[in-house]
Amino acid sequence: MFDKERGLYIAHCANGALSITGKMANRHGLIAGATGTGKTVTLQVMAETFCQAGVPCFMADMKGDLSGISQTGRLSGFIEKRMPEFGIENPEFQPCPVRFYDVYSEQGHPMRATVSQMGPLLLARILQLNETQAGILNILFRIADERGLLLDDLKDLRSMLNWMGEHAKEITVKYGTVTAMSIGAIQRAILQLENQGADKFFGLPSFDIQDLLAVEGGKGVMSVLAADKLMMQPKLYSTFLLWLLSELYSTLPEVGDLPLPKLVFFFDEAHMLFTDTSKALLDKIEQVIRLVRSKGVGIYFITQSPTDIPENILGQLGNRVQHALRAYTPKDQKAVRTAADTFRANPEFKTDEAIMNLETGEALVSFLDEKGAPNVVERAKVLFPLSQIGAVTEGQRLDIIKQSRIYGKYDTPVERESAFEVLMAENEQQLQAAEEERAAAEEAKSVAKAEKEASKKTKQKSGMMSKVWKAIITAVTSTLATLLGTYVSDKVTGKKTKSTTSATGRVVKNATSAATRSITKELTRDILGNLVK
């Protein structure tokens, strides 16, 4: 509840109202407590209080309960009983302006990011890659950047991995070892992510962070992410929220400590963010949390125990609401002591004992004062929400989605020329070039064969004519020699020599006969040779 007199009024103790100091709201906070102790209602009270002050909020709705913040609350017996304790006579029940979002595009406006925006560090966490595989992912992003290839969705990522597998030898020389086994492991991780439906998160149009900063009618818009399905994949859920925080940090300008923050970010089930997280990513998370407050953003973690939060991050959470913890085991007792030690002690009660005896809706509360120092812890009761407690109907959700100012902005996926299209075109060009080269080789082979056949026929023809001429010359020479011998013999013996015409005719006849025999022989040999072939 927000008013000028009490400010960001969250809880009430024996000493009066407990309110978050506006200019210290960006110093982050923590809502902790066992299951069923009232954490979700506390979150709702805080969120609607910021809403009334004109501060937009983002929150993940794990069970659907927070969707009720979009509807007007109603007086109940429980609320009526609490009203005198809080000094409230006529509560003004009112809804908050809400935008529903859903990574799976089922219960709200789609929220997408490109693979490039996610980056190799966060993507390696989603895919649960080991150090070697994460190194290959870094090489992939480096190559894509050098070649100017856009990584929009998972098919772009797959295409790049295929290309790296085909060019592993040259990549290994330049960037380091790239093995088929590691590439295969990454491809399997992507397949698993696709089977879980998470591929819908990657693509265009990517989510515009400025949409989280909307104000309508003087009230901050509540951005509610449907997370009932998303939380079944803890790595994707926590990494997605971390990406949002990183985008806020890299996008928003420096503003310092404003009278009120520009945005409050509620991170439910915060332990998921820190479970099995690498040292490099923990350092990044700490850096974002430490520096994003200068951008006017307050982060409030919701978890069961303060021990779920690493100490170097827990120390940055100044505004705290601690609901009851149960101590059934030595580990639980240690958690209670740790939670008690994070508060500035109140001499009126023992903090560790109070934590175990708190009722539902009751909490230990300590907010930062005007100077940024923690106030003494108080045992208090959290206010009741002015909006509806509990989930909305599907019809109400659909009406809110359709009436939203951003309805249709993210609904239709957009495709542009990215790594997948570029690499596919290159592959087609290579295949076409290879086909043209093969066709050219076949044509060259056919031409060579034809030339060889033609040369062979020419050689055969030339050989036949040579043999014919040889036979003619032999016949002519033989005939002339015979005629010459006969002439000489006739001169010696005194016989009468035949006429020149008769001799010439004999030469021609013998030459013709010899040529005919030679041609017939060669043709017969050629025909028989072809039959054998």
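Residues numbered from 1 in each chain as written. Predicted model: local features only at pLDDT ≥ 70, side-chain atom pairs only at ≥ 80, totals over all residues. Heavy atoms only, no water.

### Quick notes on the overall build of the protein chain
And step 1. When its secondary structure is counted, the protein chain shows 16 helices and 15 strands.
And step 2. Put simply, the protein chain has 533 residues, and 47% of those count as buried.
And step 3. With an accessible surface of roughly 27,100 Å², the protein chain has 54% of that area assigned to carbon and sulfur atoms. (Helix = DSSP H or I, 4+ residues; strand = E, 2+ residues; numbered from the N terminus. Buried < 20%, exposed > 50% of the residue type's maximum accessible area, 1.4 Å probe, protein only. Areas by Shrake-Rupley, 256 points an atom, 1.4 Å probe, with all protein chains shown as cover.)

### Notes on the pairing of strand β6 (residues 98-102)
And step 1. Across the 5 residues that make up β6, a large majority, 5, are buried.
And step 2. Two elements, β6 and strand β10 (residues 222-226), share 4 bridges in a ladder whose sense is parallel. Note on β10: the bridge partner recorded for Val98 is Met222.
And step 3. Examined bridge by bridge, β6 and strand β7 (residues 109-110) share 2 bridges and lie parallel to one another. Across the sheet, residue Asp102 finds its bridge partner in β7, namely Pro110. (Pairing = 2+ DSSP bridges.)

### With respect to the confidence of the model for the protein chain
And step 1. Mean pLDDT for the protein chain: 88, with 86% of residues reaching 70 or above.
And step 2. Highest mean pLDDT in the protein chain belongs to strand β9 (residues 219-220) (98); lowest belongs to helix α16 (residues 500-532) (63). (pLDDT = per-residue confidence, 0-100.)

### Here's the deal with the nonpolar core
The tendency in soluble globular proteins is for nonpolar side chains to be buried side by side.
And step 1. Ranked by size, the top nonpolar core spans 84 residues in total, and within it Met164, Phe240, Leu244 and Phe301 carry the most contacts.
And step 2. Among the elements that make up this core, the one with the highest residue count is helix α8 (residues 234-251) (9 residues).
And step 3. If sequence neighbours within four positions are ignored, Phe301 has contacts with Gly29, Leu30, Ile31, Phe267, Ala270, Leu273, Phe274, Ile289, Ile309, Ile313 and Leu317. (Core = buried A, V, L, I, M, F, W, Y, C linked by side-chain atoms within 4.5 Å. Contact = heavy atoms within 4.5 Å.)

### Considering empty space enclosed by the protein
And step 1. Taken as a whole and judged by the stated rule, the model has 1 cavity of 30 Å³ or more.
And step 2. In this structure, the largest cavity occupies an estimated 30 Å³ of space.
And step 3. In terms of lining residues, the largest cavity is bounded by Asp152, Asp153, Lys155, Asp156, Gly203, Leu204, Val414, Glu415, Arg416 and Ser418.
And step 4. Looking at side-chain class alone, the lining of the largest cavity contains 2 nonpolar, 2 polar and 6 charged residues. (1 Å grid on protein atoms, 1.4 Å probe; cavity = no way out; pocket = protein on both sides within 12 Å on 5 of 7 lines; lining within 4 Å. Points joined across faces, edges and corners; volume = space filled by probe spheres on them. Nonpolar A, V, L, I, M, F, W, Y, C, P; charged D, E, K, R; others polar.)

### Quick look at the pattern of salt bridges
And step 1. One pass over the full model with this rule turns up 21 salt bridges.
And step 2. For Lys409, the salt bridge identified is with Asp208, shortest N-O distance 3.8 Å. Linking Lys409 in the loop between α14 (394-403) and α15 (419-493) with Asp208 in the loop between α7 (180-195) and β8 (215-216), this pair joins segments that are 201 residues apart in sequence.
And step 3. Salt bridges sharing common partners tie together Arg99, Glu216 and Arg405. (Salt bridge = Lys/Arg side-chain N within 4 Å of Asp/Glu carboxyl O.)

### So, the packing of helix α4 (residues 131-147) against helix α5 (residues 154-166)
And step 1. It is at 11 Å that the axes of α4 and α5 come closest, and there the two elements cross at 95°. One element, α4, and the other, α5, form an angle in the roughly perpendicular class. Here α4 contributes Ile136, Leu137, Ile139, Leu140, Ile143, Ala144 and Arg147 to the contact with α5, which in turn contributes Leu157, Met160, Leu161, Trp163 and Met164.
And step 2. Partitioned by chemical class, the residues of the contact of α4 with α5 number 11 nonpolar, no polar and 1 charged. (Axes fitted to C-alpha atoms, helices over the stretch in contact; angles between N-to-C directions. Parallel < 35°, antiparallel > 145°, perpendicular 65-115°, else oblique.)

### So, helix α2 (residues 77-86)
And step 1. For α2, every residue scored as buried is listed here: Ile79, Arg82, Met83 and Phe86. Axial view of α2: buried residues confined to an arc of 125°, hence all on one face. Turned more than 90 degrees off the buried face of α2, the exposed positions are Gly77, Lys81 and Pro84.
And step 2. Where α2 is buried, its residues meet β2 (7-13) and β15 (378-382).
And step 3. Following α2 by one or two positions, Gly87 has its phi on the positive side, about 70°. (Arc of directions from axis to C-beta.)

### Section: unusual backbone geometry
And step 1. Pro205 follows Leu204 through a cis peptide bond whose omega is 0°.
And step 2. Along the chain, the position of Pro205 falls in the loop between α7 and β8.
And step 3. At His28, a residue that is not glycine, the phi angle is positive and equals roughly 70°.
And step 4. Tracing the backbone shows His28 in the loop between β3 (16-20) and β4 (29-32).
And step 5. With a phi angle near 50°, Glu269 is a residue other than glycine that sits in the positive phi range.
And step 6. The topology assignment puts Glu269 in the loop between β11 (263-268) and α9 (271-274).
And step 7. The class for Glu269 is partly exposed, based on a relative accessible area of 25%.

### Some details on the side chain of Thr239
And step 1. If you trace the backbone, Thr239 turns up in helix α8.
And step 2. According to the relative accessible area criterion, Thr239 is buried, its value standing at 0%.

### Here we look at the packing of α4 against helix α6 (residues 168-175)
And step 1. For the pair α4 and α6, the least separation of the axes is 12 Å and the interaxial angle reads 95°. What the angle tells us is that α4 and α6 run roughly perpendicular. Taking contact as the criterion, the partners of Ile139, Arg142, Ile143 and Glu146 in α4 are, on α6, Ile171, Lys174 and Tyr175.
And step 2. Counted by class, the contact of α4 with α6 contains 4 nonpolar, no polar and 3 charged residues.

### As for the pairing of β2
And step 1. The buried count for β2 comes to 6 of 7 residues, which makes it a mostly enclosed element.
And step 2. One ladder, built from 2 bridges, connects strand β1 (residues 2-3) with β2; its direction is antiparallel. Residue pairing across strands places Asp3 opposite Gly7, the latter belonging to β2.
And step 3. Hairpin connection between β1 and β2: a loop of 3 residues separates the two successive antiparallel strands.
And step 4. Sheet topology places β2 next to β3; 5 bridges connect them, and they run antiparallel. Paired with Leu8 across the strands is Ile20, a residue of β3.

### Digging into the environment of Asp145
And step 1. Within the element layout of this structure, Asp145 appears in helix α4.
And step 2. On the basis of relative accessible area, Asp145 is assigned to the exposed category, the value being 63%.
And step 3. Sequence separation between Asp145 and Ser116 is 29 residues; the distance between their C-alpha atoms is 9.4 Å.

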